[in-house]
2 protein chains.
Amino acid sequence: MKNFSEWFHNILEEAELMDARYPIKGMSVWLPRGFQIRKYALNALQELLDKDHEEVLFPMLIPQSELAKEAIHVKGFEEEVYWVTKGGKRDLNEHLALRPTSETSIYPMFSLWVRSHMDLPIKVYQTVNTFRYETKHTRPLIRVREITTFNETHTAHATEEEAEKEVMEGIEIYKTFFDELGIPYSISKRPEWDKFPGSKYTMAFDMIMPDGKTLQIATVHNLGTTFAHTFDIQFENEDGTHDYVHQVCYGLSDRVIASLIAAHGDEKGLSLPPVVAPEQVIIIPIIFKENQDVVLNFTDNLEKLLKNNGIRVKQDKRELRPGKKYYEWEKRGVPLRIEVGPRDIENNTIVINRRDTGNKEFVDYDENTVVDVVKDRLDSITHDMKEASNKFQEEKTFAIEKPEQIKKTINKKGGIITCSWCGETDCGKDMEEKFDIDVLGTQESDLENKTCINCGKDASYKVLISKTY
Amino acid sequence: MKNFSEWFHNILEEAELMDARYPIKGMSVWLPRGFQIRKYALNALQELLDKDHEEVLFPMLIPQSELAKEAIHVKGFEEEVYWVTKGGKRDLNEHLALRPTSETSIYPMFSLWVRSHMDLPIKVYQTVNTFRYETKHTRPLIRVREITTFNETHTAHATEEEAEKEVMEGIEIYKTFFDELGIPYSISKRPEWDKFPGSKYTMAFDMIMPDGKTLQIATVHNLGTTFAHTFDIQFENEDGTHDYVHQVCYGLSDRVIASLIAAHGDEKGLSLPPVVAPEQVIIIPIIFKENQDVVLNFTDNLEKLLKNNGIRVKQDKRELRPGKKYYEWEKRGVPLRIEVGPRDIENNTIVINRRDTGNKEFVDYDENTVVDVVKDRLDSITHDMKEASNKFQEEKTFAIEKPEQIKKTINKKGGIITCSWCGETDCGKDMEEKFDIDVLGTQESDLENKTCINCGKDASYKVLISKTY
């Protein structure tokens, strides 16, 4: 696509996902089709979380005194917090923050819940709306003032080791989730100056968008004992001594839907992986007056057969030209289209079209095998969509050794550049300014005999850099 | 129960449903068990709504100018609205309301969506958090400042007849839903002075709580064309003329969970209808050291068998006295308990205990029939719990003919009084003051030769009165 920004703006409207005309900047309405996609995506995520975490729901407002307790944390958010100052016509004694994120609403309760080592670990998650007073240019799903879908996990552990294990578990959950949705990602450890305020370190998932810039799509934070000290979350060991808990939190947001749209969409519109598609199959009966009954009898049976076997299927019987229907359902991203006309019924075939590849296939029709055929094609679509989007991310990731190549590569090809780096904050910030890029983070790598691409000192990390959203 | 208020307060903590210690008055935390019950209840409701409505999600904040547009409406809410006045350190140009209810956030968008009669009807719903700055005494789930679970349906129609049909549909959906949960109700048309601000009329569901006062648990509003005029929601007819849409909205909240708890709970704790129970069956193996393997082998099989057949089952293998386990799971409201000890296995029986009746039954064990037996008992529980709670509501509803009986009956027995009424607002308000009760609303009835219990004029309605929450 030539202009991703314009394409993205249009597709939200054309595929009936969101309405951005709500009368507050940066806040949009989820339309029924968008809401369905959001629901199926959340279901896939929650299924993974539910194996080892419990769902809870905390209040949306946070007292100013609680938010203010963790100084580094509040500093990271204070410019962006919405404040409730009035109830009815009265001024409130204490101002209340619309949660920008929920650490300071959840951890005072953890402090009440944790008494002994028997109470640990606590592993909970919630899906809530959060708020940021964005002063930058907003864009639906990507940079918003109400994050309508913030899925956040918060855990507390007796030991550092267990917290480290939880970090790995969070990363694995997100990898599995993004793989299911065919969303590509690069994982790195954010640099010191870009970690979550108050955390020990932050692991982040970044996706390369079609315009070459990266979008942060998920983060996993090891909080160490910072918040435990701030909110006094202590437990008693078996031997009667007391310790502070080690905490982890991780989250993702509406941006998952943006990355889903961006990873798979094309000039024809949306293209959805079967797992999140409101309709996985659309059946188009090709109807002429003289044989209407024969065709509809056939397609009604087919629809029923697929539905009874757990496939989300819809039939479009409207009196419109087939071409017009194809156009509409392609725009909406339905993974598989089945066309059936009178001649197909005579020949005992159906025509199966894939949205992702545009591939058209004539399949012999057999009531006993058609469900398996459709399921097989849906599986292939899931597999191929993931491969295709991963390939894009790989092809847009460039290993660079010379500093003069950085700006050239980024400006010409976009994507992520990997190179060697000393790991010093001063050098990293210098790089960001000099090359007009952002340091995404570091990965472990064999760096023997390698030097920092910027300052020439011994290299300590493989670093990922890019232009970012 | 002697003191319902105290019992209700304790059960939230003891059955691990909510934590009311959150540091803002009137806002509580949903704990994992409470959240599960809420989820299953919502699932049951949404299944009914999804047949004929689409789910959407609107922003939480409403610009002051939109909220102010419908004067009667805003008058009904202005004392209770929380206002966001600051973003970061800046004062906002326009104050933003935390939605007290969503008419004024949704209908400006309806105005954009509706162009022609082809766009109608619109039938959408959402489940969101809403806010009321309550100055009265708050109580979790019943009178709160954050309604964490507000399920609201909003529809727009071309004709008054269709709107009337939607009112009936809303009432039917709620009847079915409450019946599934075994929540009893009386339906009446709220008097003029207590209808939804801006509506034509309000139909309401009230449940008699164990303390004899009624709790409003759902409302259905025919909005007529009031909001359509305010927000300019017009459509073009086939003949080119324009009309305003007719609107309906209906909603229910967290109070459903309060009524669920109150309708079925007893001195032992919570008692849950199977449809919302996190565990429908709890299996307690009675273990002695010498035959531990035999018993656990048996109960593991039983657990797997029930689970594979879609029953939510859990086994409690903890090393505790059985009596302690019974006590705990009864408090948590699990509908069915199965005990299996070494002697039971010898006799080829299992012991099935019902939480609702306390009934204990020895059942011959057969792998081929045990699933059906358990499902049958769960169905009986669902049926009997509904019967029992309906009976309570019926027995607490008293037809009264003489005014002097009103105060006596209410003060002695609580519940709902039905009597004849003229229908005049002045007379109704006079009654409320004189008898220290609330007029719930009216029902259709044969009133030939009946006179108003208060003023003696000809009666127009059967009226329901009670003390209310």
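For clarity, every value in this text was computed on a predicted model and none was experimentally measured.

### Focus: the overall build of chain A
- Assigned secondary structure in chain A consists of 14 helices and 23 strands.
- Counting only C-alpha atoms and orienting by the principal axes, one finds that chain A spans roughly 80 × 60 × 50 Å.
- Taken across its 469 residues, chain A has 46% of its residues classed as buried.

### Considerations on unusual backbone geometry
- Cis geometry marks the peptide bond from A:Leu120 to A:Pro121; its omega dihedral reads -5 degrees.
- Within the element layout of this structure, A:Pro121 appears in the loop between helix H5 (103-113) and strand E7 (122-131).
- At A:Asn348, a residue that is not glycine, the phi angle is positive and equals roughly 55 degrees.
- Position of A:Asn348 among the secondary structure elements: in the loop between helix H11 (342-347) and strand E18 (349-354).
- Of the residues examined, A:Asn348 has 10 C-beta atoms within 10 Å and is grouped as exposed.
- One non-glycine residue, B:Leu141, adopts positive backbone phi at about 70 degrees.
- As for its placement among the helices and strands, B:Leu141 is situated in the loop between strand E7 (122-131) and strand E8 (146-157).

### Describing the relation of the copies chain B and chain A
- Laying chain B over chain A is done by rotating through 180 degrees and shifting 0.0 Å along the axis; what remains is an RMSD of 0.0 Å. This pairing of chains is accounted for by a two-fold axis. Looking at the rotation axis and the C-alpha trace of chain B, the residue lying nearest is B:Val84, at 2.1 Å.
- A share of 100% of interface residues in chain B that are also interface residues in chain A marks the association as one of identical surfaces.

### What about the pairing of strand E8 (residues 146-157) of chain A?
All names here are of chain A.
- Of all 12 residues in E8, 12 are buried; the element is thus mostly enclosed.
- Pairing of E7 with E8, which is carried by 9 bridges, proceeds in the antiparallel orientation. Bridge pairing links Val124 to His154 in E8.
- As paired elements, E8 and strand E14 (residues 246-252) share 7 bridges and run antiparallel to each other. For Asn151, the partnering residue across the bridge sits in E14 and is Leu252.

### A few points about helix H5 (residues 103-113) of chain B
- Counting buried positions along H5(B) yields 8 of 11 residues, so the element is predominantly enclosed.
- Turning to H5(B), its buried residues are B:Glu103, B:Thr104, B:Ser105, B:Ile106, B:Tyr107, B:Pro108, B:Met109 and B:Phe110.

### Comments concerning the domain arrangement of chain A
Residues and elements named next belong to chain A.
- Split by domain assignment, chain A resolves into domain 1 (4-264), domain 2 (274-392) and domain 3 (397-466).
- On a C-alpha basis, the centres of domain 1 and domain 3 stand 28 Å from each other.
- Taken together, the contacts link 14 residues of domain 1 with 15 residues of domain 3.
- For the side of domain 1 that touches domain 3, the elements supplying multiple residues, two or more each, are strand E9 (186-189) and strand E10 (201-208).

### A look at helix H2 (residues 32-50) of chain B
Residue and element names in this part refer to chain B.
- Relative to the 27 Å expected for 19 residues at 1.5 Å per residue, H2 spans 26 Å between its end C-alpha atoms, a close match to the ideal helical length.
- Looking only at H2, the buried set comprises Gly34, Phe35, Ile37, Arg38, Ala41, Leu45 and Leu49. One side of H2 carries all its buried residues, which in axial view fall inside an arc of 160 degrees. Residues of H2 that are exposed and angled more than 90 degrees away from the buried face: Asn43, Glu47 and Asp50.

### With respect to the interface of chain B and chain A
- In this complex, chain B contributes 41 residues to the contact, which on the side of chain A involves 42 residues.
- For the side of chain B that touches chain A, the secondary structure elements donating two or more residues are strand E2 (29-30), H2, strand E3 (54-55), strand E4 (61-63), strand E5 (82-87), strand E6 (90-98), H5 and E8 of chain B.
- For the side of chain B that touches chain A, a count of residues per class yields 26 nonpolar, 5 polar and 10 charged.
- Note that strand E5 (residues 82-87) of chain A and E5(B) share 5 bridges and pair antiparallel. Opposite A:Gly87, over in E5(B), you have B:Tyr82 as the bridge partner.

### Focus: the sheet that holds strand E6 (residues 90-98) of chain A
- Strands sit in the order E4(A)-E6(A)-E5(A)-E5(B)-E6(B)-E4(B) across an open sheet of 6 strands; the sheet is antiparallel. With partners counted over all chains shown, the strands left at the sheet margins are strand E4 (61-63) of chain A together with E4 of chain B, one partner each. With strand direction ignored, the average angle separating the axes of adjacent strands in the sheet is 45 degrees.
- Two elements, E4(B) and E6(B), share 3 bridges in a ladder whose sense is antiparallel. Paired with B:Leu61 across the two strands is B:Leu98, which belongs to E6(B).

### A closer look at the environment of A:Val370
All names here are of chain A.
- Tracing the chain through its elements places Val370 in helix H12 (residues 370-395).
- The exposure class of Val370 is buried, given the 20 C-beta atoms found within 10 Å.
- Counting along the chain gives 82 residues from Val370 to Phe288, while the straight-line C-alpha distance between them is 24 Å.
- Val370 has contacts with Leu302, Leu305 and Tyr365, leaving out every residue within four places of it along the chain.

### Brief notes about the sheet that holds strand E19 (residues 360-364) of chain B
Residues and elements named next belong to chain B.
- Taken in spatial order, the 5 strands make up an open sheet running E16-E15-E17-E18-E19, and their pairing is mixed. Of all the strands in the sheet, the pair left with one neighbour each is strand E16 (313-315) and E19. The mean angle between the axes of side-by-side strands here comes to 25 degrees, regardless of whether they run parallel or antiparallel.
- Both strand E15 (residues 281-285) and E16 contribute to a ladder of 3 bridges, which runs parallel. Following the sheet pairing, Val281 is matched in E16 by Val313.
- Strands E15, strand E17 (336-340), strand E18 (349-354) and E19 of the sheet are contacted by helix H12 (residues 370-395), whose axis makes an angle of about 145 degrees with E17.

### Comments concerning the packing of helix H9 (residues 292-308) of chain A against H12(A)
Residue and element names in this part refer to chain A.
- The interhelical angle for the contact between H9 and H12, taken along N-to-C directions, is 65 degrees, at an axis separation of 10 Å. With respect to each other, H9 and H12 are oriented roughly perpendicular. Crossing angle aside, the handedness with which H9 passes H12 is right-handed. On the side of H9, the interface is formed by Leu302, Leu305 and Leu306, while H12 contributes Val370, Val371 and Val374.
- Its residues assigned to classes, the contact of H9 with H12 comprises 6 nonpolar, no polar and no charged.

Conventions adopted
Residue numbers run consecutively from 1 along every chain, following the written order of its sequence. The naming scheme follows written order: chains are lettered A onward, ligands numbered 1 onward. Given that this is a predicted model, residues contribute local features only at a pLDDT of at least 70 and side-chain atom pairs are listed and counted only at 80 or more, while totals for whole chains, interfaces and linings are drawn from all residues. Going along the chain from the N terminus, every DSSP run of H or I of four or more residues is numbered as a helix, and every run of E of two or more is numbered as a strand. Three exposure classes are used, based on other C-beta atoms lying within 10 Å of a residue's own C-beta, which is placed from the backbone: buried for 20 or more, exposed for 12 or fewer, and partly exposed in between. Overlaid copies result from least-squares superposition on C-alpha atoms, with residues included only where pLDDT is at least 70 in both. Placing a C-beta atom from the backbone of each residue, one calls two residues in contact when those atoms lie within 7 Å. Two strands pair if DSSP finds at least two bridges between them. Note that domain bounds follow an automatic or database assignment of domains. One less than the number of residues in a helix, times 1.5 Å, gives the span that helix is expected to have. Throughout, the arc means the angular range of directions from the helix axis out to the C-beta atoms. We call Asp, Glu, Lys and Arg charged. Ala, Val, Leu, Ile, Met, Phe, Trp, Tyr, Cys and Pro are nonpolar, and the rest, Gly among them, are polar. To obtain each axis, a line is fitted to C-alpha atoms, and for helices this fit is confined to the stretch in contact; angles are then taken between N-to-C directions over 0 to 180 degrees. What sets the label is the angle itself: under 35 degrees gives roughly parallel, over 145 gives roughly antiparallel, 65 to 115 gives roughly perpendicular, and the rest give oblique. Should the near helix be turned anticlockwise from the far one by less than a right angle, the crossing is termed left-handed; should it be turned clockwise, right-handed.

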